[in-house]
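Understanding the architecture of this molecule
Next come the chains, spelled out residue by residue.
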Amino acid sequence: MIKKINYIFVFALLLICTSCFEIIEEVSLNEDGSGKVTLTLNLSRSKTKINSIMLLDSVNNYEVPSEQEIRQHFADMVKTVKNTGGITNVTNSINLEDYIFTLSCDFNDVDALNMVVSNFSSKEEAKRIKNHKHFSYDKTNQLFTRSYHYDLAKEIKKTKMEDREVFKTASITTIYRFPKGIASSSNNAAKISKSKKAIMLKISAQDIINQNKSIKNQIKLQK
């Protein structure tokens with residue numbers, strides 16, 4: 001199932017690590033709807049355990065990927081993003097000492113941003129993103145929306161119990177920056193910066209699974 005999610009840089013390694021990881025989604029939006037996105041998968045807090053697992057051939061019936069396979073899988077993801085319309089200035093870094101993977105790119109508009117997200121999703125989820133959009137920006141009303149249409153709890157119920165362990169200490173952080181001040185936010189768990197030009201939300205994967213919290217948000221900008 002985690003192979004289906006594949007949201008940012010989900011390698012086979014995540015399938016076998018009953019450990020903590022963090023996904024960080026950063027978007028800097030320009031007034032015209034263009035901007036920059038940085039996606040990070042941070043497994044550094046689990047590097048000791050991952051190093052031990054990397055010495056094995058398989059865990060929980062999953063083949064343990066080699067460093068070369070991890071690098072190749074990451075390179076394939078980067079290539080896919082580079083070939084996405086409306087995307088430029090793609091940069092990436094891979095740190096296999098601390099297990100931190102980062103990809104950044106500029107997008108011409110929010111539709112291109114949605115395409116980047118869909119490239120790291122299953123075919124079913126990619127269709128859902130194209131139909132419903134994870135991101136939207138209404139320039140007239142100065143409204144930036146982060147949606148989420150994936151039923152994570154439903155998919156997790158289809159998995160083995162040992163595979164669900166990966167989500168126990170996982171978290172998702174979203175950071176959005178704007179050229180104008182933020183007038184309001186629909187998500188009460190999100191924190192607006194003192195400058196009013198940035199907003200951050202950090203929630204656990206378990207809260208999303210149990211539907212206690214959501215990464216959904218409507219951010220109204222000052223006119």
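Here goes a summary of the coordinates provided. Remember, it's a predicted structure, so these values are computed and weren't measured experimentally.

What counts and how
Residues numbered from 1 in each chain as written. Predicted model: local features only at pLDDT ≥ 70, side-chain atom pairs only at ≥ 80, totals over all residues. Heavy atoms only, no water. Pairing = 2+ DSSP bridges. Helix = DSSP H or I, 4+ residues; strand = E, 2+ residues; numbered from the N terminus. Contact = heavy atoms within 4.5 Å. Axes fitted to C-alpha atoms, helices over the stretch in contact; angles between N-to-C directions. Buried < 20%, exposed > 50% of the residue type's maximum accessible area, 1.4 Å probe, protein only. Polar contact = N/O pair within 3.5 Å; in protein donor to acceptor, adjacent residues only side chain to side chain.

**Here's the deal with the sheet that holds strand β9 (residues 171-177)**
Where strands meet in a sheet, backbone hydrogen bonds hold them as pairs that are either parallel or antiparallel. Spatially, β5-β6-β2-β1-β9-β12-β11 is the arrangement adopted by the seven strands of the open sheet, whose pairing is mixed. In this open sheet, the two strands that pair with only one neighbour each are β5 (87-95) and β11 (191-192). Note that β9 and strand β12 (residues 198-204) share seven bridges and pair antiparallel. Looking across to β12, one finds that Tyr176 is bridged to Ile199. Running at roughly 170° to β5, helix α4 (residues 67-82) makes contact with β5 and β6 (100-107) of the sheet.

**Some remarks on helix α5 (residues 110-119)**
Among the 10 residues in α5, seven count as buried, and that is most of the element. For α5, the side-chain oxygen to backbone nitrogen distance between the N-cap and Asp111 is 3.2 Å, and the N-cap itself is Asp109.

**Considerations on the sheet that holds strand β13 (residues 217-221)**
The four strands are arranged β7-β8-β13-β10 in an open sheet whose pairing can be described as antiparallel. The open sheet is flanked by β7 (135-138) and β10 (182-185), the only strands paired with a single partner. Adjacent strand axes in the sheet meet at a mean angle of 15°, parallel and antiparallel pairs treated alike. In terms of strand pairing, β10 meets β13 through three bridges, oriented antiparallel. What sits directly across from Ser185, in β13, is Ile219.

**Concerning the environment of Lys197**
You can see Lys197 is positioned in the loop between β11 and β12. Setting aside residues up to four positions removed in sequence, Lys197 forms contacts with Tyr176, Arg177, Phe178, Pro179, Lys180, Gly181 and Ile182.

**What to know about the side chain of Ser147**
Relative to the helices and strands, Ser147 is located in the loop between β8 (143-146) and α7 (152-156). Here Ser147 falls in the buried class, since its relative accessible area comes to 16%. In contact with Ser147, other than residues within four places in its own chain, are Lys133, His134 and Lys216.

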